[in-house]
Amino acid sequence: MYQETSRQPPVDTGMRKIYGRLWKLPTVPRIRQFLLKAISNFLSTKDVLGSAIVGDDTLCPLCELQEETATHLILHCNFSRAVWFAVLGWTSDNNGSLSEWIISWFDSLFNGTITGNDLVSRAIIAWNIWMERCAKAFNNSNASPDAIIQKCKNMVSEHSNRITIPSQLTPRINLQNVNWIPPPISFLTLNCDGSFDYNNLLGGIGLIIRNFACMQQEARCISMNEARSAEQVECMGLWSSVQWAKDLKLERVHFEMDAKVVVDAVNNDNSAMDWRLLNIILDIKNLFQILVLGNSLMFLKREIK
């Protein structure tokens, strides 16, 4: 009888612990998969693929100075070193391989030297470098280090704002106790919400106008190219909402959104807002002054929306 036998070496206890923790990291699956490939030396760099596939071109696509290996690409390439330094203030002093370096992250995590958020921040940067390498190798893109640096900073910042206590599970929502509060009979409610795609720097805005009976009166979708952050998309969503109400000559409107930082910036002059968005906030305030009295801006939790 035919019996298949595994040729893979057994995984030791330490690596089992790392693999178990890796899949519990509070980040998107594609970044966890990238870490797994990096630890297992499965990244498809030119030195791994060999000359039969890549031909005579063995240089790193990002710097075009050194032979491409996973360790050079993520750690020692001039492009990558600029990204690491700008985002985390790091300079590469690691003499080991990329796999050994990432394993040391988990050792530091288990020892309490770093937090899960620290490890995810490092993973975000390494993954973005890898994605830029693939974009240049396959699509001939030519993004500058500044673009990748800004993308990494946005993702790290968004992750830090979203995950406050990594070990705490998201509480279950009792839908029976979550109720949308309708406006008075003579008012309308305009809800706006935004979404942001880190990978393609694209944004989307959804607007809906409802009456006191929760019946839809109007709706609109808006797309944004070359968006910088989720905050920018939410700001543009509110600006579009107020401008839309002005164009429709609506007089009594409750504006509702779940971006608290934007609501606070408009209502309370919150200084936590990104300074690059302050002109948009000022435009929104000016539009509110133009509208007929009776309008208001409210923060609404996502589960209620």
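Just so it is clear, the structure is predicted and the values come from calculations on it, not from any experiment. Every chain is numbered independently, its residues counted from 1 as its sequence is written. Local features in a predicted model are, by the rule used here, given only for residues with pLDDT of at least 70; side-chain atom pairs are given and counted only at 80 or more, and totals for whole chains, interfaces and linings are based on all residues. Only heavy atoms go into the side-chain values, all of them from the structure, while hydrogens and water stay out.

### Description of the pattern of salt bridges
Rules: The working definition used for a salt bridge is a side-chain nitrogen of Lys or Arg within 4 Å of a carboxyl oxygen of Asp or Glu. For helices the rule is a DSSP run of H or I covering at least 4 residues; for strands it is a run of E covering at least 2, with both sets numbered from the N terminus onward. Working definition: with a 1.4 Å probe on protein chains only, accessible area under 20% of the residue-type maximum means buried, over 50% means exposed, and in between means partly exposed.
This model, assessed by the stated rule, comprises 3 salt bridges. For Arg 133, the salt bridge goes to Glu 68, with nearest N and O atoms at 2.6 Å. With Arg 133 in helix 8 (residues 116-139) and Glu 68 in the loop between helix 4 (51-54) and helix 5 (70-76), this pair connects stretches of sequence that are 65 residues apart. By the burial criterion, Arg 133 is buried, and Glu 68 matches it. For the salt bridge of Asp 264 with Lys 260, the shortest nitrogen-to-oxygen distance reads 2.9 Å. Placement of both Asp 264 and Lys 260 in helix 11 (residues 260-268) is noted, with a separation of 4 residues, approximately one turn of the helix.

### Digging into the packing of helix 2 (residues 29-39) against helix 8
So the rule is basically this: Between N-to-C directions, angles cover 0 to 180 degrees, with each direction set by a line fitted to C-alpha atoms, over the stretch in contact for helices. For classification purposes, angles smaller than 35 degrees are called roughly parallel, those larger than 145 roughly antiparallel, those between 65 and 115 roughly perpendicular, and all remaining angles oblique. Pairs of residues are marked as contacts when any of their non-hydrogen atoms sit within 4.5 Å.
Between helix 2 and helix 8, whose axes approach to 10 Å, the crossing angle comes to 80°. Judged by the angle between their axes, helix 2 and helix 8 are roughly perpendicular. The segment helix 2 lies against helix 8, with Arg 30, Ile 31, Phe 34 and Leu 35 engaging Leu 119, Ala 123, Ile 124, Ala 126, Trp 127 and Trp 130.

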